[in-house]
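Here are the chains, one letter per residue:
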Amino acid sequence: MVTCDGAVVHYFCYGCMAAYIKNEIGSSRCNPICMDTSGCGAPFPRAQLKSLLDQKTFEKLERLQQDEAIRLAGLDDLEECPFCDFKAIAPPKEVDREFRCESSDCAK
């Protein structure tokens, strides 16, 4: 069973949770919350999500969460590599028009 982190703990089966999270990821939502009809809205422990999901799905969830955190940070001059998901604060285009990816997997 999977449990939420709410003041009142709610229990869900692995199959229902996995389907729910995959649906959330498919809708580009990255913060799965308790599905209890009481409106609990509590998050789920990261360790439970990691043990529940396959590695690829968990990494996708984490990537969505990181992207949201970066977006919400409102960083000025944040640019993304056009070839991968790497992001970095770049000088203004008037100073340097070329983005140099520092990801070891990409490096373009």
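A short tour of the structure in this document, coming up. (Residues numbered from 1 in each chain as written. Predicted model: local features only at pLDDT ≥ 70, side-chain atom pairs only at ≥ 80, totals over all residues. Heavy atoms only, no water.)

## Looking at the packing of helix H1 (residues 14–26) against helix H3 (residues 55–73)
Axis separation between H1 and H3 bottoms out at 10 Å; the angle between their running directions is 45 degrees. Judged by the angle between their axes, H1 and H3 are oblique. Crossing of H1 over H3 shows left-handed handedness. Between H1 and H3, the contacting residues are Ile21, Lys22 and Ile25 on the first element and Thr57, Lys60, Leu61 and Leu64 on the second. (Axes fitted to C-alpha atoms, helices over the stretch in contact; angles between N-to-C directions. Helix = DSSP H or I, 4+ residues; strand = E, 2+ residues; numbered from the N terminus. Parallel < 35°, antiparallel > 145°, perpendicular 65-115°, else oblique. Left-handed = near helix turned anticlockwise from the far one by under 90°. Contact = heavy atoms within 4.5 Å.)

## Examining H3
If you check H3, its first and last C-alpha atoms are 27 Å apart, about what 19 residues at 1.5 Å a residue would give, namely 27 Å. Those residues of H3 not exposed but buried are Thr57, Phe58, Leu61 and Leu64. Along the axis of H3, the buried positions cluster into a sector of 120 degrees, meaning they face one direction only. Turned more than 90 degrees away from the buried face of H3, the exposed residues are Gln55 and Lys56. (Expected span 1.5 Å × (residues − 1). Buried < 20%, exposed > 50% of the residue type's maximum accessible area, 1.4 Å probe, protein only. Arc of directions from axis to C-beta.)

## With respect to the nonpolar core
Within soluble globular proteins, side chains that are nonpolar tend to cluster in buried spots. Counting residues in hydrophobic clusters, the biggest one holds 18 residues, and the most contacted among them are Met17, Ile21, Phe44, Leu49, Leu52, Leu53 and Leu61. The set of elements that each furnish at least two residues to this core consists of H1, helix H2 (46–52) and H3. The element contributing the most residues to this core is H1, with 5 residues. Once residues within four sequence positions are removed from consideration, Leu52 is found in contact with Val2, Tyr14, Met17, Ala18 and Ile21. (Core = buried A, V, L, I, M, F, W, Y, C linked by side-chain atoms within 4.5 Å.)

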